[in-house]
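Summary of structural features
Residues per chain, in single letters:
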Amino acid sequence: MDEYRDGRYRTAHTPRRRASYAGARGDAREGRRVSKLTIAAAAILIAVAARYVFPNLSAAVGDKLSESFNYRAALAALGEGLSGERAFTEALGEAWTVAFRSTPPEGEPPREPAHIENTPEPDVTPDISAELPELPELSDAALSAFMAASRDYADYMMPAGTPYAI
Amino acid sequence: MIRITPPALRVTPAAALLPAIIFILGAWELALLCAVAVLIHELGHYAALRLCGGTAGEIRICLTGVAMEYDNLSYGGEIITAMAGPVASLVLALISSLFGRIFGVDSAYRLAGLSLIFAVFNMLPVFPLDGGRAVFAAVAYLFGIDAAETTRSVLTAAFGTALIFFGAVLLRVSGNPTLLLAAACLVGGAVRARLRYSGAAVIPRGAPRVSREFRADAT
């Protein structure tokens, strides 16, 4: 046991990782490596294509992940705690809350909608029971003048193409 | 004078999926922050490795993080090198947080938070994380390889199960799958590391059946 305390002895008597690439086993290993590289390259191409073909889907995935874990806020809180800008325990608690919170903090609306009971819809019909405003009384002369003007302009029509811009 | 020789870099096929995932989610800032945090973490490992007289092998970039193979380290050197990564992440976190406070840059705060998470997560006593490696080396030095193997298996199983359980609970309660995904990647990495040395023709009695690599899990 004592000889293993020496680094050089351990180096000489420790079995090495099987890193031989010669022979049939080496060819099989190299073939597996090439297939893994091919799969990785295909995955990259698919990811790039999906990002441009389905931009809403990739944005939804990112939003979903950031909704459950706001890593930016959690890391920033830890950094602020280390710098002494705030108490480290407080920063640690905030980072934990942001990263693994199950209930939203106070002031924010709950994630799930509240239970809605069967309440009748409100009546939106206007109330016409209110009294109509009193109209000023018209004198006989004014009424006669109005009726005469109506007769004179009964056949009046607006010219074609008159703009109605206000 | 320490001669710096860049180790070989290999990207696994699964890691090629990372650009696709980032492109779909549009999380470019998070990807950049992760890259910076992982780079500093691994540089911490590499600097300590070279200072302790070890040699760096291949750096492998996989889907869940970066792994750096190493060699020629004593148990003490292995503990120091394992802890150097989380320490570098903590230093980066402190510097970034101060930068954010002085200049008011929110990205610096986020980098600080991410580096802090890196440091804490990698210090868990679970193999193949840095904390698990340090515990393994310490127990092996004090009580022998067999005790270290047993400790490693028990801690990995216990913490892995606990993380998966709590990850499932958090997913059920808050809909956030982050912890569950991290736990699944951790357990998968531990199983993979365990199998990496299986099937060797001759294994000296008491030899550690573990992969010799430091990881920075970006989970």
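Use the structure listed above.
Anyway, here's the lowdown on the structure attached to this text.

Calculation criteria
- Residues numbered from 1 in each chain as written.
- Chains lettered and ligands numbered in written order.
- Predicted model: local features only at pLDDT ≥ 70, side-chain atom pairs only at ≥ 80, totals over all residues.
- Heavy atoms only, no water.
- Helix = DSSP H or I, 4+ residues; strand = E, 2+ residues; numbered from the N terminus.
- Contact = heavy atoms within 4.5 Å.
- Core = buried A, V, L, I, M, F, W, Y, C linked by side-chain atoms within 4.5 Å.
- Buried < 20%, exposed > 50% of the residue type's maximum accessible area, 1.4 Å probe, protein only.
- Expected span 1.5 Å × (residues − 1).
- Phe/Tyr/Trp six-rings, centres within 6.5 Å; stacked < 30°, edge-to-face > 60°.

**Side note on the side chain of Ser89(B)**
- Of note, Ser89(B) is situated in helix α3 (residues 75-103).
- Ignoring anything within four residues of it in the chain, the contact list for Ser89(B) reads His41(B), Ser115(B), Phe118(B) and Ala119(B).

**What about the environment of Leu179(B)?**
All names here are of chain B.
- Following the sequence through the fold, Leu179 ends up in helix α7 (residues 178-196).
- In the structure, Leu179 is positioned 14 residues away from Phe165 in sequence and 9.6 Å away in space, judged by C-alpha atoms.
- With near-sequence residues (within four places) excluded, Leu179 lies in contact with Leu163, Phe166, Gly167 and Leu170.

**Brief notes about the nonpolar core**
- Of all hydrophobic cores here, the largest spans 16 residues; its most connected members are Leu49(B), Met68(B), Leu111(B), Leu114(B) and Phe118(B).
- Of all the secondary-structure elements, those providing two or more residues to this core are α2 (28-51), β3 (65-71) and α4 (106-122) of chain B.
- Per-element tally for this core: the top contributor is α2(B), with six residues.
- Judged by nonpolar contacts, the second largest core, of 10 residues, contains Leu78(A), Ala99(A), Ala93(B) and Leu170(B).

**What about α2(B)?**
Residues and elements named next belong to chain B.
- Here α2 contains 24 residues, and its C-alpha end-to-end distance of 35 Å stays within 8% of the 34 Å for a straight helix at 1.5 Å per residue.
- All of the buried residues along α2 are Leu33, Cys34, Ala37, Val38, His41, Glu42, Gly44, His45, Tyr46, Ala48 and Leu49.
- Gly53 sits one or two residues past α2 and shows a positive phi near 90°.

**Examining the packing of aromatic side chains**
Residue and element names in this part refer to chain B.
- Inspection of the entire model under this criterion finds three aromatic pairs over all chains.
- Relative to Phe103, the ring of Phe99 lies with its centre 4.7 Å away and its plane at 40°, an arrangement referred to as tilted. Taken together, the positions of Phe99 and Phe103, both in helix α3 and four residues apart, correspond to about one turn of that helix.
- Residue class for Phe99 comes out partly exposed when judged on its relative accessible area of 41%.
- For Phe103, a relative accessible area of 55% gives the class exposed.
- Judged by centre distance (5.5 Å) and plane angle (70°), the ring pair of Phe165 and Phe166 falls under edge-to-face.
- Relative accessible area serves as the criterion here: at 51%, Phe165 is assigned to the exposed category.

From the geometry alone we can't say anything about function, so treat these as descriptive.
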